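# Chains, contacts and geometry: an overview
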Amino acid sequence: MIKVSVIIPAYNAEKYIHQCMESLVHQTLQEIEIIVVDDGSKDNTLHLLKDYEIKFPDKIKVLHKENGGQASARNLALTYAQGEYIGFVDSDDWVSLDMYEKMYQKAKEENADIVVCDIVEQFVDKELYHSHTRVTNKLGYANYVLNKIIRCELVEEVFFPQGLWYEDFEYGAKLLMKTDRISIVQEGLYQYNCRDGSTMHNNNAQKNKDIITVLNHISDFAAEKGWEEKYGEELEYLYIEHALYAAIVRLTEQENDEKKEVIDYIRKEVLKRYPLFYKSKYFKEYPLNKRVATFLNAKGFFYIVKFIVNMKKRIKG
């Protein structure tokens, strides 16, 4: 029996794929399958993956498709997955060698549909531990799919939206709404490679509008399932946290002439839906500095937030 199917989309990943694959083929959990989708790479990625497939034929399946983006690659792999649980790894990241053994064991011990672990962000000169297992509501786990294993039956009818940023956020939020059986492993088992080209470090202002599209998809999904009342406060939290706060703070760091227009779009879209966001239960739980920053963003005074953030960086430096 395959206990965990690990899905990896790969595009021009020859610089990173070796470290990623080595961390997977040597997992202490033996009953795993590794499904890698080469998404039309133009470098040596496919050749390297084929070498791994030859070396580990009982463990690795390599698929190849024309370039269509990470979401399409993951969706294709999902149709092949045979594991009891599903996991996702990006081709430039790696995982601790006992990650899937620990997470699968936790899943079986607690009959969990989803198990979440912490993430370690790996920079060239430092690493940062992020306690993603400590959240105030379960949709707070939605930031990543990479630090989770998900029961196979749960992923039925849910696919990654194609052509959008934040697609894993949408996917994770929808799955989290489908179950209350969520367990955690408070260890930094997933190693996230923080390189400049990633979505969170990209200078493309316009694509940040996708956060509103994705949030609307999540809200529509809740409405379709009749869960609007059940998740009303949590959905409001997602708009505040991911759009009004995080997306705008990221945009202020960009050197892009379009960022003001994008920030105005994001804040107006949130305020149309939640004009009294500052009365939200979860907003009131924010620390004071985060409440102030979010409120200033909502009022269009994001440049003040940028000034404060830059001052803090200078003081720390």
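Structure: see above.
Residues numbered from 1 in each chain as written. Predicted model: local features only at pLDDT ≥ 70, side-chain atom pairs only at ≥ 80, totals over all residues. Heavy atoms only, no water.

## Re helix H2 (residues 45-55)
Applied cut-off: When accessible area is computed with a 1.4 Å probe and restricted to protein chains, residues below 20% of their type maximum are described as buried, those above 50% as exposed, and intermediate ones as partly exposed. Each helix is a run of H or I in the DSSP string that is no shorter than four residues. Each strand is a run of E no shorter than two, and both are numbered from the N terminus. Note that the arc is computed from the directions linking the helix axis to the C-beta atoms. By definition, residues are in contact when any of their heavy atoms lie within 4.5 Å.
Three or more residues of H2 are buried, namely Thr 45, Leu 49 and Tyr 52. Buried residues of H2 fall within an arc of 55° about the axis and therefore sit on the same side. Exposed and facing more than 90 degrees away from the buried side of H2 are Ile 54 and Lys 55. Considering only its buried residues, H2 is in contact with strand E1 (4-10), helix H1 (17-25), strand E2 (32-39) and strand E3 (60-65).

## With respect to the environment of Glu 157
To be explicit about the condition: Any pair of N or O atoms that falls within 3.5 Å is considered a polar contact. Within protein, one atom must be able to donate a hydrogen and the other to accept it, and sequence-neighbouring residues count only if both atoms are side-chain atoms.
In this structure, Glu 157 sits in the loop between strand E8 (148-151) and helix H5 (167-177). Expressed as a C-alpha distance, the spacing of Glu 157 and Lys 15, which sit 142 residues apart in the sequence, is 34 Å. Leave out the neighbours within four places in its chain, and Glu 157 touches Lys 178 and Lys 225. At a separation of 2.7 Å, a polar atom in the side chain of Glu 157 contacts the side chain of Lys 225.

## A few points about the nonpolar core
Keep this limit in mind: For this analysis, a nonpolar core means a set of buried residues of the types Ala, Val, Leu, Ile, Met, Phe, Trp, Tyr and Cys, connected via side-chain atoms within 4.5 Å.
Residues Phe 88, Tyr 100 and Tyr 171 are the most contacted members of the largest nonpolar core, which totals 102 residues. Considering each element in turn, this core owes the most residues, ten residues, to helix H7 (residues 232-252).

## Comments concerning the packing of aromatic side chains
Rules: Classification of ring pairs rests on two measures: the distance between centres of Phe, Tyr or Trp rings, Trp counted by its six-membered ring, which must be within 6.5 Å, and the angle between planes, read as stacked under 30 degrees, edge-to-face over 60 and tilted in between. The rule for a charge over a ring is simple: NZ of Lys or CZ of Arg within 6 Å of the ring centre, and within 35 degrees of the ring normal.
Under the counting rule described, the total for this entry stands at 18 aromatic pairs. With centroids separated by 6.2 Å and ring planes inclined at 40°, the aromatic side chains of Phe 277 and Phe 295 adopt a geometry described as tilted. Linking Phe 277 in the loop between helix H8 (259-273) and helix H9 (281-284) with Phe 295 in helix H10 (residues 288-298), this pair joins segments that are 18 residues apart in sequence. Accessibility expressed as a relative area gives 1% for Phe 277, which makes it buried. Judged by relative accessible area, which is 34%, Phe 295 ranks as partly exposed. Among the aromatic residues, ring-to-ring pairing joins Phe 277, Tyr 278, Phe 283, Tyr 286 and Phe 295 into one connected group. We note Lys 126 situated over the ring of Phe 123; from NZ or CZ to the ring centre the distance is 5.2 Å. It is Lys 290 that lies over the ring of Tyr 286; its NZ or CZ is 4.3 Å from the centre.

## Examining the pairing of E2
Look at any regular strand and the pattern is simple: side chains alternate between the two faces of the sheet. What counts here: At least two bridges found by DSSP between two strands are what make those strands a pair. When the strands point away from the viewer, a crossover counts as right-handed if the route from the first strand across the helix to the second turns clockwise.
Where burial is concerned, most of E2 is hidden: eight out of the eight residues are buried. Relative to E2, E1 runs parallel, the two sharing seven bridges. Residue pairing for E2: Val 6 is matched across the bridge by Ile 34. With six bridges connecting them, E2 and E3 associate as parallel partners. Bridging from a neighbouring strand, Ile 34 pairs with Ile 60 of E3. Remark: the E2/H2/E3 crossover connection has right-handed handedness.

## Re the pairing of strand E6 (residues 114-122)
With respect to burial, E6 is a largely interior element, nine of its nine residues being buried. Strand direction decides the pairing type here: E6 and strand E7 (residues 127-130), joined by four bridges, are antiparallel. Bridging across to E7, Gln 122 finds its partner in Glu 127. Counted between consecutive antiparallel strands, the loop separating E6 from E7 contains four residues.

## Thoughts on the environment of Leu 164
Its place among the elements puts Leu 164 in the loop between E8 and H5. Other than its neighbours up to four places away in sequence, Leu 164 contacts Glu 170, Lys 207, Asp 210, Thr 213, Val 214 and His 217.

## A few points about the packing of H7 against H10
Counted only if it meets this: The axes used here are C-alpha line fits, helices contributing only the stretch in contact, and every angle between their N-to-C directions lies in the interval 0 to 180 degrees. Roughly parallel means an angle under 35 degrees; roughly antiparallel, over 145; roughly perpendicular, 65 to 115; everything else is oblique. Asp, Glu, Lys and Arg are counted as charged, while Ala, Val, Leu, Ile, Met, Phe, Trp, Tyr, Cys and Pro are counted as nonpolar; the rest, among them Gly, fall into the polar class.
The N-to-C vectors of H7 and H10 enclose an angle of 80°; their axes lie 10 Å apart at closest approach. What the angle tells us is that H7 and H10 run roughly perpendicular. Each of Ile 240, Glu 241, Leu 244, Tyr 245, Ile 248 and Val 249 in H7 lies in contact with H10, whose residues at this interface are Lys 290, Ala 293, Thr 294, Asn 297 and Ala 298. Along the lines of polarity and charge, the residues of the contact of H7 with H10 split into seven nonpolar, two polar and two charged.

## What to know about H5
Of all eleven residues that make up H5, eleven are buried, and the element is covered over most of its length. All buried positions along H5 are accounted for by Glu 167, Asp 168, Phe 169, Glu 170, Tyr 171, Gly 172, Ala 173, Lys 174, Leu 175, Leu 176 and Met 177.

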